[in-house]
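# Results of the structural survey
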Amino acid sequence: MAWEEWEQLKASAAERQPTRMQLNQMPADPGGSAPSGRENGGGGRLKHSAQPWNRAAKTADDLRSSTNTTRTALTTAHEGMVRGLTGLESLAELKGVLTSWEKRLDAVRDECESLEPTLRAVGKELAGVDTGTAARVNAVRVNREGDAE
C-alpha cells in the first residue's frame, strides 16, 4: 500500500468518526459538557457495598462448618472400618489415606476459619474509607469559575 493511499484512508476514517478517548469512566457526554459537582458524568454516584464481602464471609463460614462435619464423618467411618479389617495388609494404606485427607480437610477448615472474619472486616473497612473520602471531598468548595476555595 502506498503512503499516499494510507494517508487518504486515515483522513477518510477521521471524517467519519471523531476520535474520543475514554479510560475506565462513564461514556463521554455527546453534548461535550463536563461533569459538575460530585456527579460522575452519568448522573449517579460511585458506591461501595459490604454485601459481596459479607456473602463471601458467609460462604467461607459455611464451607468451614461443612468441612469440619465431613472430617468428623470420615474419621468415624474409618474407625468402624478398622475394626472390620483388622489383620489385612491394606489397613496401613487406608490409614495413610485417612491421615492425608484429614490434613487436607483441616487445612481447608482452618483457611476458611481465618478468611471469614477478614472478609467481614474488609467490608466494614471499605465503608469507613468511603465515608472518610466523601467527607474530604465535600470539604472542598468550588466557586463558579472552577477554582477551589
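Residues numbered from 1 in each chain as written. Predicted model: local features only at pLDDT ≥ 70, side-chain atom pairs only at ≥ 80, totals over all residues. Heavy atoms only, no water.

What follows is about the overall build of the chain. Across its full length, the chain carries three helices and zero strands. Starting at the N terminus and ending at the C terminus, the chain contains elements arranged as α-α-α. Looking at the chain as a whole, 10% of its 149 residues are labelled buried. (Helix = DSSP H or I, 4+ residues; strand = E, 2+ residues; numbered from the N terminus. Buried < 20%, exposed > 50% of the residue type's maximum accessible area, 1.4 Å probe, protein only.)

The subject of this paragraph is a nonpolar patch on the surface. A contiguous nonpolar surface patch, about 370 Å² in accessible area, is contributed by W3, W6 and L9. Examined against the element boundaries, W6 turns out to sit in helix α1 (residues 3-16). (Patch = residues over 30% accessible without salt bridge, like charges linked within 9 Å, V, L, I, M, F, W, Y side chains within 5 Å. Areas by Shrake-Rupley, 256 points an atom, 1.4 Å probe, with all protein chains shown as cover. Salt bridge = Lys/Arg side-chain N within 4 Å of Asp/Glu carboxyl O.)

Glancing now at the environment of C112. If you trace the backbone, C112 turns up in helix α3 (residues 90-139). In this structure the C-alpha to C-alpha distance between C112 and K58, which are 54 residues apart in sequence, comes to 9.8 Å. Filtering out sequence-adjacent residues up to four positions away, C112 remains in contact with A60, L63 and R64. (Contact = heavy atoms within 4.5 Å.)

A word on α3. Helix length check: α3, at 50 residues, gives a terminal C-alpha distance of 73 Å against a target of 74 Å (1.5 Å per residue), a fit within 8%. Every buried residue of α3 is listed here: L91, L98, E102, L105, D106, R109, C112, E116, L119 and G123. Buried residues belonging to α3 abut α2 (51-84). (Expected span 1.5 Å × (residues − 1).)

Looking at the element boundaries, L126 is found in helix α3. Taking the C-alpha atoms as reference, L126 lies 8.4 Å from S49; in sequence the two are 77 residues apart. Apart from residues no more than four positions distant in its own chain, L126 is found in contact with H48 and W53.

Turning our eyes to something else, we now look at α2. Counted at 1.5 Å a residue, the expected span for α2 with its 34 residues is 50 Å, and the 50 Å between its end C-alpha atoms agrees. Packed against the buried residues of α2 are α3.

This part takes up the side chain of T75. Its location among the elements puts T75 in helix α2. Those residues in contact with T75, other than ones at most four positions away along the chain, are L98 and E102.

Let us look at the packing of aromatic side chains. Aromatic ring pairs are described here by two measures, namely the spacing of the ring centres and the angle between the planes. One pass over the structure, following the stated rule, counts zero aromatic pairs. Positioned above the aromatic ring of W101 is the side chain of R104, whose terminal nitrogen or guanidinium carbon lies 5.1 Å from the ring centre. (Phe/Tyr/Trp six-rings, centres within 6.5 Å; stacked < 30°, edge-to-face > 60°. Lys NZ or Arg CZ within 6 Å of the ring centre and 35° of its normal.)

All told, the structure shown has six salt bridges when counted by the stated rule. Across the salt bridge formed by R109 and D110, the nearest N and O atoms sit 3.1 Å from each other. A relative accessible area of 39% places D110 in the partly exposed class. Between E116 and R120 there is a salt bridge, with the nearest N and O atoms lying 2.6 Å from each other.

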